[in-house]
Amino acid sequence: MATASSQVLIPDINFNDAFENFALDFSREKKLLEGLDYLTAPNPPSIREELCTASHDTITVHWISDDEFSISSYELQYTIFTGQANFISLYNSVDSWMIVPNIKQNHYTVHGLQSGTRYIFIVKAINQAGSRNSEPTRLKTNSQPFKLDPKMTHKKLKISNDGLQMEKEESSLKKSHTPERFSGTGCYGAAGNIFIDSGCHYWEVVMGSSTWYAVGIAYKSAPKNEWIGKNASSWVFSRCNSNFVVRHNNKEMLVDVPPQLKRLGVLLDYDNNMLSFYDPANSLHLHTFDVTFILPVCPTFTIWNKSLMILSGLPAPDFIDYPERQECNCRPQESPYVSGMKACH
C-alpha cells in the first residue's frame with residue numbers, strides 16, 4: 001500500500017524471487033532481550049512494631065524489606081488515629097497525612113508529636129519501577145511526664161527528692177505560705193508541675209498503705225483551702241477507709257472498688273472531654289467524668305494519712321486503648337461521707 005501511493009519510481013520487481021536468498025539474523029538481539037533483568041516495584045516493607053519506641057513527643061519507627069538492595073528510598077507517612085470507623089476515609093485522604101520523603105535507612109524518628117496520642121504510620125518503598133506501601137501500623141506517644149510541684153505543696157507534706165512521692169509530715173512547718181500553695185486544714189494537697197490543654201494523658205498513683213486520699217485534676221483557679229472535688233473547678237476519685245467515691249462540685253457518688261486496690265490509673269482525654277479512673281491491676285474501669293474543659297488542668301493529689309507515689313509519662317495500657325462500652329461501678333445514692341462517715345470530714 002505504501003508503494004502504491006509513493007511518488008518514488010519503484011522498479012518492477014518480483015518480491016518473492018528477490019528475497020529468497022536474504023534473511024535477517026536476530027540471534028544476537030534475541031540473546032540480549034532474553035538476558036534483560038527487568039526492574040519491578042519493590043515488595044511492601046513491614047513495620048517492626050516490637051522495635052519501635054516512643055517518648056511523650058517522639059516516635060521512632062523501624063521497618064524491614066525483603067529486597068532492600070533494589071530500593072532507592074523510603075517515604076514515611078503518618079497521621080493522628082481517631083478511630084477505626086473513619087480509617088478508610090482517612091487512608092484515602094491525602095491532605096490529612098504528614099509525609100517524610102527520601103529516607104535512606106530503615107528507621108526514622110518523628111519529632112514534635114502530641115503527647116499521649118495514637119498515630120497511624122505507613123512506610124512506602126520506592127524505586128524507578130514504582131512503589132509499594134506497608135500495612136498501616138498504630139503507634140502511640142507516651143503521656144507528658146510530670147512531678148509534684150513543691151511550690152504548690154501543703155506545708156505539712158514532704159516531697160521526695162525525685163518529686164514523685166508525697167508523705168504526710170506534721171513537723172514540716174518551715175515552708176512559707178504562698179497563694180498557690182494548698183492550705184486546707186486537716187487535708188494535705190499537692191499538684192503536678194504541668195498544666196494540660198490537649199492530648200490524651202495517663203498516669204498511675206501507688207497508694208501503698210494509705211486509706212484516705214483523693215486523686216484527680218483541677219483548674220488553676222480551684223480553691224487551695226478546701227478539698228479538691230468540693231468545687232466546680234476540680235474532679236476526683238477518693239477513698240475514705242473502706243469507702244470509695246467520685247466527687248465534683250461537692251456532689252459524690254459511691255463506686256464499687258475492690259478493697260485491695262493499691263494502684264489507681266488516671267486517663268485524661270482532654271480533646272474528648274473525659275476523665276476516667278481505672279484499676280490497672282484488674283483491667284477494670286471505675287468511673288468516667290464527662291467534662292467540657294474550658295481551661296488547662298493540673299493533676300492534683302490529697303492525702304490524710306500515709307503517702308502516695310506518682311508514676312507519670314506512661315503509655316495508656318492496651319486494655320483501655322479501645323475499651324468496649326462498659327458501665328462504671330457507680331451507685332447514685334447518698335455518699336457514706338454524708339451518712340454515717342462523719343469522721344472522714
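As the structure is a computational prediction, the values presented were derived from the model and not from experiment.

With respect to the pairing of strand E12 (residues 188-191)
Of the two faces of E12, the one carrying Tyr188 and Ala190 and the one carrying Gly189 and Ala191 are both buried. Sheet analysis places E12 next to strand E21 (residues 297-303), joined by four bridges and oriented antiparallel. From the neighbouring strand, glycine 189 faces E21, where its bridge partner is threonine 302.

Observations concerning the packing of aromatic side chains
Scanning the model with the defined rule gives 15 aromatic pairs in all. Each ring, one from phenylalanine 146 and one from tryptophan 203, has its centre 5.5 Å from the other, and the planes form 85°; the classification is edge-to-face. Of the two residues, phenylalanine 146 sits in the loop between strand E9 (137-140) and strand E10 (157-159) while tryptophan 203 sits in strand E13 (residues 200-206), which places them 57 residues apart along the sequence. We note that phenylalanine 146, like tryptophan 203, is buried. Taken together, the aromatic side chains of Tyr219, Trp235, Tyr270 and Phe293 make up a single cluster linked through ring pairs.

Considerations on the sheet that holds strand E22 (residues 307-314)
Here we have seven strands laid out as an open sheet, ordered E10-E11-E22-E13-E18-E19-E20, and antiparallel in their pairing. Bordering the open sheet on either side are E10 and strand E20 (284-290), each of which pairs with just one other strand. Pairwise comparison of adjacent strand axes, ignoring direction, gives a mean angle of 20° for this sheet. Relative to strand E19 (residues 274-279), strand E18 (residues 263-269) runs antiparallel, the two being bridged by five bridges. Paired with leucine 268 across the bridge in E19 is leucine 275.

Focus: the pattern of salt bridges
Counted under the stated rule, the structure contains six salt bridges. Two residues, arginine 48 and glutamate 50, come together in a salt bridge whose shortest N-O distance is 2.4 Å. Residue classification places arginine 48 among the partly exposed positions, given a relative accessible area of 27%. Aspartate 149 is the partner of lysine 151 in a salt bridge, and the nearest nitrogen-oxygen pair spans 3.3 Å.

Regarding the side chain of histidine 201
Secondary-structure assignment places histidine 201 in strand E13. Once residues lying within four places of it in the same chain are set aside, the contact partners of histidine 201 are Ser115, Ser143, Gln144, Ile196, Val266, Leu267 and Leu268.

Description of the pairing of strand E3 (residues 59-64)
Note: strand E1 (residues 46-47) against E3, two bridges, orientation antiparallel. Along E3, the bridge assignment pairs serine 46 with isoleucine 64. Relative to E3, strand E2 (residues 53-54) runs antiparallel, the two being bridged by two bridges. Each residue of the ladder has a partner; that of threonine 53, found in E3, is threonine 60. Counting the residues in the hairpin turn of E2 and E3 gives four residues. Two elements, E3 and strand E6 (residues 107-110), share four bridges in a ladder whose sense is antiparallel. Bridge assignment links histidine 62 to a residue of E6, and that residue is histidine 107.

Regarding unusual backbone geometry
Even without glycine at this site, asparagine 102 takes up a positive phi of about 55°. Positionally, asparagine 102 belongs in strand E5 (residues 98-103). The exposed category is assigned to asparagine 102, whose relative accessible area is 53%.

The rules behind each value
Residues numbered from 1 in each chain as written. Predicted model: local features only at pLDDT ≥ 70, side-chain atom pairs only at ≥ 80, totals over all residues. Heavy atoms only, no water. Buried < 20%, exposed > 50% of the residue type's maximum accessible area, 1.4 Å probe, protein only. Helix = DSSP H or I, 4+ residues; strand = E, 2+ residues; numbered from the N terminus. Pairing = 2+ DSSP bridges. Phe/Tyr/Trp six-rings, centres within 6.5 Å; stacked < 30°, edge-to-face > 60°. Axes fitted to C-alpha atoms, helices over the stretch in contact; angles between N-to-C directions. Salt bridge = Lys/Arg side-chain N within 4 Å of Asp/Glu carboxyl O. Contact = heavy atoms within 4.5 Å.

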